[in-house]
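Observations on chain architecture
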Amino acid sequence: MSEAIISIKDLRKHFPVKNIWGTDIALVKALDGVNLKIESGKTFGIVGESGCGKTTLMRTLLRLVEPTSGSVVVSDELHSAMLSQMRETFTFTISRILSKLSKYASILLPGVGYNNLAENLEHAALNEFNREELRAFRRQIGVVFQDPMGALNPRMLIKDIVSEPLIIHGKTENMRDRVIELLNNVGLGEEHLYRYPHEFSGGQRQRIVIARALALDPKILVLDEPTSALDVSVQAQILNLLNDLQEKYNLTYIFISHDLSVIEYMCDRLAVMYLGKVVEEADTEELFSNPQHPYTKALLSATPNFDKDKEKIMILGDVPSPITYLDESKAKLATEMTEQEHLEIEAIKGKGIDFIVRSSLNEVFPLKEVANDHYARVK
């Protein structure tokens, strides 16, 4: 296994539920003890149904929401890149100030001493970063969102959308050439600079989002269901583009999706999430050929396939509430079958359909190694 560029350790994010008097009565455990290692230069997939905590994990990773507990630790490689960028930003800011005070530049510039910044970047854990360190960290991560139209300002020209990160971070030298280079990298060109987002197709808009995500030369791209809003033919184009960009720039991808066929094609390693927990983690080929957790087996069986003899596993019952009540008498999820599950079992009896019930998934086992580098929550 190569070096982990990001290590997530026992990460938890709990949202409080209040009563009408504003008193906390319960918690929504969106993330509940997530441990992951993201390898440098690889694609790490996170898969699960809606509401399992995939997007909350992404938002917590970027510190768009503060974690309840746990930590995100960056590698020495990412740490060094952050320090380099902080020095660059510091020098740029001082240069701009001194350019307005050119009379004193020759006196003041030698004494700036930005090498002392090395002492400021002393923490490797994301939750300990100060404002400047967090800004440097976010420059190392680009984000591609699920809905490209919602991610683009409809009142801005494409040249302004793609150049916005460059302006914010002070990288305005040869900016027009840089924007054209970014557009060329994603299959667009100079002729698209003065158009608005509504003038493009869905696939082209997603290419623009990818170009903007690459503007600051990040080492990591977080891809939050980047193809779910696109038709199948355009999906293939975007996935092939992402593969080409990864090879060209040695990018690390965190790929969030509920589409297992896309995950299988894109990812080197995969984690399956259910109700805020990682229930199984393995290399993609190993997990698809040898799933261990019953939820993983059901997910894989639901993937469209031309094999009519392929075993199908139905998941019966309703998704349990992720709310954990502070009152201990209400705290535990029921592990006994519900009346709804009994009725659904009766409906498929005699049809030769294999199934699992949601209530059986509520019993949580510790994550253990079931094969070489393959982990699952099983007995």
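Look a little higher up for the structure.
From a predicted model like this one, the values you see are computed outputs, not experimental measurements. (Residues numbered from 1 in each chain as written. Predicted model: local features only at pLDDT ≥ 70, side-chain atom pairs only at ≥ 80, totals over all residues. Heavy atoms only, no water.)

Let's shift gears to the sheet that holds strand β1 (residues 4-18). The strand order across the open sheet formed by four strands is β4-β1-β2-β11, and the pairing between neighbours is antiparallel. Either end of the sheet is taken by a strand with one partner, and the two such strands are β4 (69-74) and β11 (323-325). The sheet shows a mean angle of 30° between the axes of neighbouring strands, direction not considered. Along the sheet face, helix α1 (residues 54-61) touches β1, β2 (24-39) and β4 and points at about 110° away from the line of β1. (Pairing = 2+ DSSP bridges. Helix = DSSP H or I, 4+ residues; strand = E, 2+ residues; numbered from the N terminus. Axes fitted to C-alpha atoms, helices over the stretch in contact; angles between N-to-C directions. Contact = heavy atoms within 4.5 Å.)

Let us now look at the side chain of Thr 252. Among the secondary structure elements, Thr 252 is positioned in strand β7 (residues 252-257). Given the relative accessible area of 1%, Thr 252 is considered buried. At 2.7 Å, the side chain of Thr 252 forms a polar contact with the backbone nitrogen of Gly 41. (Buried < 20%, exposed > 50% of the residue type's maximum accessible area, 1.4 Å probe, protein only. Polar contact = N/O pair within 3.5 Å; in protein donor to acceptor, adjacent residues only side chain to side chain.)

A word on the pairing of strand β5 (residues 141-144). Taking every second residue as pointing to the same face, both faces of β5 are buried, with Ile 141 and Val 143 on one and Gly 142 and Val 144 on the other. As defined by bridge partners, β5 adjoins strand β6 (residues 220-224) across four bridges and the pair is classed as parallel. Looking at the pairing, Val 144 lines up with Leu 223 of β6.

Turning our eyes to something else, we now look at the pattern of salt bridges. Pairing between side chains of opposite charge can happen when the charged atoms of each approach one another. As enumerated under the stated definition, the model contains 16 salt bridges in all. Two residues, Asp 32 and Lys 277, come together in a salt bridge whose shortest N-O distance is 2.6 Å. Of this pair, Asp 32 sits in strand β2 while Lys 277 sits in strand β9 (residues 277-283), placing them 245 residues apart in sequence. No difference in accessibility class separates Asp 32 from Lys 277, as the two residues are buried. Here Arg 358 makes a salt bridge to Glu 49, at a shortest N to O gap of 2.8 Å. Placement of Arg 358 in helix α15 (residues 358-361) and of Glu 49 in the loop between β3 (43-47) and α1 is noted, with a sequence separation of 309 residues between them. It is possible to trace a salt-bridge network through shared partners that takes in Asp 10, Arg 12, Asp 32 and Lys 277. (Salt bridge = Lys/Arg side-chain N within 4 Å of Asp/Glu carboxyl O.)

By themselves these figures say nothing about function.
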